[in-house]
Amino acid sequence: GGGRTSCSLSPGRASGLMFSLLLRLVLARASGAAACPSGTTRVDTFAAEGTLWSACEDLQTPGGGLTLVPAADGVEAVHLPKTYEPYAPKPDSEYYLGLGKRRVLDAKWDMLGDALLHSCDGATRTSGLCEVTWARVESAIPVMRYSRGNRQASGNNMMCSPYSPESGVRTFTGSRSASVDATFSDHADDCTDNGFPRPQGYVMNLTAIANGEPPIPPDGWFKYVNFSAMAEGLLGQPSPNLVFYFPLLPQNFSAYGGSRYWTMVASPRPDMQGGREQDVWFRFQQLRCSGARLAPPCELVGTPQYYDTYWFSNSPITDRWIRPELKANASGFYGNLLAVKRYWDRELAAEGMMALSLPDTAGTNGSWLTDQALFSMVRSMISRDDTWHPRYGVLPGYGVSLQDGFQDTFTSTATAALEWGMFPYARGVIDNWLRYYTRDNGMITYRAEELAQSGRMLTIYALYRDYTGDAQLLLHHFGRIRAHAQWLLYRFGNALRNFPDPSDPRHGIIAGGDEGDTFVAFYERWGDQPQGHKYSCHANVYRGFLDLGRVLREIGEESGREDVAAHASELLAAAPKMLAALEASLAKTVVPTSNPRAPRCVPTGADPLDAVDPGPPHARQGCLGDFRGYPELMYSGALTAELADDLFNHLMYGNASALSTRPMTLGCTGYNAKQWPPKPAALPSWQSTYTAYGDAHAALLVSSWVSGLNTRHSLTRDGVWAAGLRHGGAVPPPLLRHVGAHLHARQLDDAGGDAPRPRHRLHRLCGRWRAHGADVPEVDARL
């Protein structure tokens, strides 16, 4: 009253402010509380997990690790390794195995794959072929240097945009619980425009102004940041903390003769606990090095900057948009780093997954292979929506909801989880798929069918039971599993009815699509565009019937469920008929060629073959050009070794001059569509491959190794990974389970006979592994 104004803080806000001030005071006095390891520099101090810590970083190399050292006794320090991978580590002249970039890109055959197999000295040959090593593959093609998007964008203009499809996402991070991920471009732009601090226009520019340097004009960033020398990395792998490196160009306002660079670390909040959005903690540091090109000695410039998701959570120059005591700080950032590590340590331990120990050799970096595989599984887990719902990709791009039911997302994820022994993850993925994405009528919640993947689903359900022993999940969803299988049985019946003449190669071969994007053509041009009879679709359905029928027969006997046993019988009755139809069809469609390096053509399907004729590429369905049919066919294990060798030889050496795409690159089949038609001379052609689904899987199943499958997939001649087991490693149990579960059926080298010989073949494989020094446990005779 009386015109006087009373200004006070609520008890909660007052105590928060007091705590923040006291914390700053304590941390300021605690600089010597925890000594940093030799070779590191204390870059900050912070409070987390009830104690004080020092953040100690190796600043003398861009990929120097970060060690978090606690002040309290009895608490272990946490070391987080950091990687540094330049986008362009070498010029083009040092790639392509000396064959020349233009020559390789213009080739219609797998010139690089052939060079890997045959162009080496005798010391690196295995069975007459070159040993495929990491080093040789690394020198064949460069790493990804450009992720599409607007290459000329800089400052506050971003390379990527959430409003355009596939517009330049390079990498992403996130958590299992959120519904979205945090995506970044080559320049570390915030691709979904969440409001993250923009590295150039916000952090670097305002920091320069705050330090008395000239502001960087909107069109001046290519004179400030050396974008061609940018690099990326990971911090604390397999934790999904991303690192970006921004080398700066020399500036005329400074006489400093060394080099400078910025780093950005993006650390996701590990568990959003039901929140749909994804929080991310950021740290920006500027470093100055005495030597050129980031050569040491190096030191911090100024102090690190921290941001809690949004640009307005901190600023290098003003307090106008957030109260000073509530700015993002070191405790928030490093506390989140610790939380991310603790979270993923628990998650991966709970999976009970296998651990690989692959040695680093002169030619193959086994630790990189292990890191790549493990981090791929982490990314698979965080890319899913709300823990379990699938997403085909991230945004901007294929992460739109209409793609959630994409069949390949399920089959690839479930297969990988099973093979790595991640059984809780596999169970959750399979349960989610059957609960929400398999319909009561047996169809899939997606815009179109993909029959090869649908057949593969049945095999996955069988593998789950084989690997885990869990029958309850399959029984719980038996109604939908049966509906799905009976839909495929209906399609097989149609194949017999629609082409009743046994002399027709299409007799008994399932008709349907193996690519969901082509569905419009089947009804838009009715009568003019019949559904193709793809061997990949037919073979995977056959394999699915065989695998699931065997498993359901066992479950039916164990549970006393007559309905389960009855369905098993109808699947097992259809399987040999499907195999017979496949063999009869292939006997009619495999044709000789005039190419001595590819003497026989194994076509994509049973439809009239015109691939060996000089017709237009778009009219061909035969030996070449099917970007997914061949690798899917390999998952079925339905071909003989001879046919598999013929198939891969033709993909590699067919060299059809009228072909619109190269069918194989470095031993991986794919459509390579970004290469042709040729681009203007000023623009390079693209070297790409898309789907490698079952290629290496097929090689693993072959026990009498053919040369092409051998080294194309970095396997030794007896079926173990060259990077690991041939040097005396242990065969992981999930791999044994994988082999055992698949060898019950006819395999690639089993050209005839009705009865499978699983135990014989598994013992033969294990014997060969032991002969090469691998530690293989005794095989359970029940296999």
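So, how was this worked out
Here the residue index of a chain counts from 1 through its sequence in written order. This being a predicted model, a pLDDT of at least 70 is required before a residue's local features are given, and a value of 80 or more before pairs of side-chain atoms are given or counted; all residues contribute to the totals for chains, interfaces and linings. Here the side-chain values reflect all heavy atoms present in the structure, with hydrogen atoms and water set aside. Helix and strand definitions here come from DSSP, where helices need a minimum of 4 consecutive H or I residues and strands a minimum of 2 consecutive E residues; each element is numbered from the N-terminal end. Burial here depends on accessible area, computed with a 1.4 Å probe over protein chains only, as a share of the maximum for the residue type. Under 20% is buried, over 50% is exposed, and the range in between is partly exposed. The contact criterion used is simple: two residues touch if any of their non-hydrogen atoms lie within 4.5 Å. In short, Shrake-Rupley with a 1.4 Å probe defines the accessible areas, and a residue's cover is counted only from the protein chains shown. For helices, the fitted axis covers only the stretch in contact; all axes are lines through C-alpha atoms, and the angles between them, taken along N-to-C directions, range from 0 to 180 degrees. Any angle that is under 35 degrees is reported as roughly parallel, and any over 145 degrees as roughly antiparallel; angles of 65 to 115 degrees are reported as roughly perpendicular and all others as oblique. A clockwise turn of the near helix away from the far one marks a right-handed crossing, whereas an anticlockwise turn of less than a right angle marks a left-handed crossing. We define a salt bridge as a contact between a side-chain nitrogen of Lys or Arg and a carboxyl oxygen of Asp or Glu at a distance within 4 Å. When DSSP finds two or more bridges between two strands, those strands count as paired. Two rings from Phe, Tyr or Trp (for Trp, the six-membered ring) form a pair when their centres are within 6.5 Å of each other. A pair whose planes differ by under 30 degrees is stacked, one over 60 is edge-to-face, and the rest are tilted. Only buried residues count toward a nonpolar core, which is a set of Ala, Val, Leu, Ile, Met, Phe, Trp, Tyr and Cys residues joined through side-chain atoms within 4.5 Å. Every definition here rests on a 1 Å grid over the protein atoms only: cavities are sets of points where a 1.4 Å probe fits but cannot get out, pockets are open sets enclosed by protein on both sides within 12 Å along at least five of seven lines, and lining residues have some atom within 4 Å of a point. Grid points are joined across faces, edges and corners, and a volume is the space filled by probe spheres set on the points. Only Asp, Glu, Lys and Arg are considered charged in this grouping, and only Ala, Val, Leu, Ile, Met, Phe, Trp, Tyr, Cys and Pro are considered nonpolar; every other residue, Gly among them, is considered polar. The disulfide criterion used throughout: a pair of cysteine sulfur atoms within 2.5 Å. To estimate the expected span of a helix, subtract one from its residue number and multiply by 1.5 Å.

Undergrad: How should the overall build of the protein be read in this particular structure?
TA: The helix and strand inventory of the protein stands at 21 helices and 18 strands. Within the protein, the proportion of its 783 residues that are buried is 55%. A fraction of 63% describes how many contacts in the protein between residues 6 or more apart in sequence connect residues 24 or more apart. Split by element, the accessible area of the protein, about 32900 Å² in all, is 54% carbon and sulfur.

Undergrad: Quick question: what am I supposed to make of the packing of helix α8 (residues 407-419) against helix α9 (residues 423-437) here?
TA: Between two packed helices, the angle of one axis relative to the other and the distance separating the axes together describe the packing. Following both chains from N to C, one finds α8 and α9 inclined at 155°, their axes separated by 8 Å at the closest point. When the axes of α8 and α9 are compared, the pair comes out roughly antiparallel. Crossing handedness for the pair α8 and α9: left-handed. Contacts between α8 and α9 pair Gln 407, Phe 410, Thr 413, Ala 414, Ala 417 and Leu 418 from the former with Phe 423, Tyr 425, Ala 426, Val 429, Ile 430 and Trp 433 from the latter.

Undergrad: How do you make sense of the pattern of salt bridges when you look at a structure like this?
TA: When the charged atoms of two side chains lie near each other, side chains of opposite charge can form a pair. A complete count under the given rule lists 29 salt bridges for this structure. Arg 198 is the salt-bridge partner of Asp 193, the closest N and O atoms lying 3.4 Å from each other. Residue Asp 193 is classed as partly exposed on the basis of its relative accessible area of 33%. In this structure Arg 198 comes out as partly exposed when scored by relative accessible area, which is 27%. A salt bridge links Glu 449 to Arg 491; its shortest N-O distance comes to 2.7 Å. Taken together, the positions of Glu 449 in the loop between α9 and α10 (451-468) and Arg 491 in helix α12 (residues 478-498) put the pair 42 residues apart, joining distant regions of the chain.

Undergrad: Would you explain the sheet that holds strand β5 (residues 85-86) in this entry?
TA: Two orientations exist for strands paired in a sheet by backbone hydrogen bonds: parallel and antiparallel. Read across the open sheet, the six strands follow the order β5-β10-β11-β12-β13-β14; overall the sheet is antiparallel. With one partner strand each, in any of the chains shown, β5 and β14 (298-308) form the two edges of the open sheet. With five bridges joining them, strand β10 (residues 231-235) and strand β11 (residues 241-248) adopt antiparallel strand pairing. In the sheet register, Ala 231 faces β11, and the bridge partner there is Tyr 245.

Undergrad: What am I meant to see in the packing of aromatic side chains here?
TA: Working definition: an aromatic ring pair is given by the centre-to-centre distance plus the angle between the planes. One pass over the full model with this rule turns up 31 aromatic pairs. With 5.8 Å between their ring centres and 70° between their planes, Tyr 202 and Trp 311 make a pair best called edge-to-face. Placement of Tyr 202 in helix α5 (residues 199-210) and of Trp 311 in the loop between β14 and α6 (330-351) is noted, with a sequence separation of 109 residues between them. The partly exposed category is assigned to Trp 311, whose relative accessible area is 33%. Taking the centre distance of 4.1 Å and the plane angle of 40° together, the rings of Tyr 392 and Phe 406 count as tilted.

Undergrad: Mind showing me how you'd approach the nonpolar core here?
TA: Here is a general trend for soluble globular proteins: nonpolar side chains tend to be buried in one another's company. Of all hydrophobic cores here, the largest spans 130 residues; its most connected members are Tyr 461 and Phe 545. Not counting residues up to four positions away in its chain, the partners in contact with Tyr 461 are Phe 410, Ile 430, Trp 433, Leu 434, Thr 438, Leu 474, Ile 481 and Leu 548. Formed by 28 residues, the second largest nonpolar core is a distinct cluster that contains Ala 55, Leu 59, Leu 80 and Tyr 261.

Undergrad: What's the story with unusual backbone geometry in this structure? I'm lost.
TA: Most peptide bonds take the trans form, and the phi angle of most residues other than glycine is negative. Residue Pro 238 follows Gln 237 across a cis peptide bond; omega there is 15°. With respect to the helices and strands, Pro 238 occurs in the loop between β10 and β11. One non-glycine residue with positive phi stands out, namely Leu 294, at about 65°. Its place among the elements puts Leu 294 in the loop between β13 (280-289) and β14. You can call Leu 294 buried: its relative accessible area is 10%.

Undergrad: Before we go on, may I ask you to explain empty space enclosed by the protein in this structure?
TA: If you walk through the whole model with that rule in mind, you get three cavities of 30 Å³ or more. The computed volume of the largest cavity comes to approximately 60 Å³. The wall of the largest cavity is formed by 13 residues, among which Glu 57, Pro 62, Lys 82, Tyr 261 and Thr 263 lie closest to the centre. Elements represented by at least two residues in the lining of the largest cavity include exactly β11, β12 (259-268) and β13. Per-class residue counts for the lining of the largest cavity are six nonpolar, three polar and four charged.

Undergrad: How do you make sense of the environment of Gly 637 when you look at a structure like this?
TA: By the secondary structure assignment, Gly 637 is in the loop between α16 (629-636) and α17 (641-653). A relative accessible area of 1% means that Gly 637 is categorised as buried.

Undergrad: Quick question: what am I supposed to make of the state of the cysteines here?
TA: Linking two cysteines covalently through their sulfur atoms gives a disulfide. Taken as a whole and judged by the stated rule, the model has four disulfides. With a sulfur-sulfur separation of 2.2 Å, Cys 160 is cross-linked through a disulfide to Cys 191. Linking Cys 160 and Cys 191, the disulfide has an S-S dihedral of approximately -95° and is accordingly described as left-handed. Of this pair, Cys 160 sits in the loop between α4 (134-138) and β8 (171-173) while Cys 191 sits in the loop between β9 (182-184) and α5, placing them 31 residues apart in sequence. Disulfide pairing is shown between Cys 289 and Cys 298; the S-S distance is 2.1 Å. Residues Cys 289 and Cys 298 are joined by a disulfide whose S-S torsion is about 105°; by sign, that bridge is right-handed.

Undergrad: Sorry, what's going on with α8 here?
TA: An α-helical turn contains 3.6 residues, so a residue and the one three or four places further along point in the same direction. With 13 residues, α8 ought to run about 18 Å at 1.5 Å a step, and its terminal C-alpha atoms sit 18 Å apart, in line with that. Of all 13 residues in α8, eleven are buried, a share of seventy percent or more. Buried within α8 are the following residues: Gln 407, Asp 408, Thr 409, Phe 410, Thr 411, Thr 413, Ala 414, Thr 415, Ala 417, Leu 418 and Glu 419. Phi turns positive one or two residues past the end of α8, at Gly 421, with a value near 75°.

Undergrad: Just to check I follow, could you spell out the environment of Met 204 for this structure?
TA: Along the polypeptide, Met 204 turns up in helix α5. Look past the residues within four positions of Met 204 in its chain and what remains in contact with it is Pro 199, Ile 216, Trp 221, Tyr 224, Val 225, Phe 246, Leu 248 and Trp 262.

Undergrad: Can you help me understand the pairing of β12 in this one?
TA: The side chains of a regular strand alternate, first on one face of the sheet and then on the other. The element β12 is largely enclosed, with a buried count of ten among its ten residues. Burial along β12 is two-sided: Ser 259, Tyr 261, Thr 263, Val 265 and Ser 267 and Arg 260, Trp 262, Met 264, Ala 266 and Pro 268, pointing in opposite directions, are all buried. Relative to β12, β11 runs antiparallel, the two sharing seven bridges. Residue pairing for β12: Phe 246 is matched across the bridge by Trp 262. As defined by bridge partners, β12 adjoins β13 across ten bridges and the pair is classed as antiparallel. Bridge assignment links Ser 259 to a residue of β13, and that residue is Cys 289.

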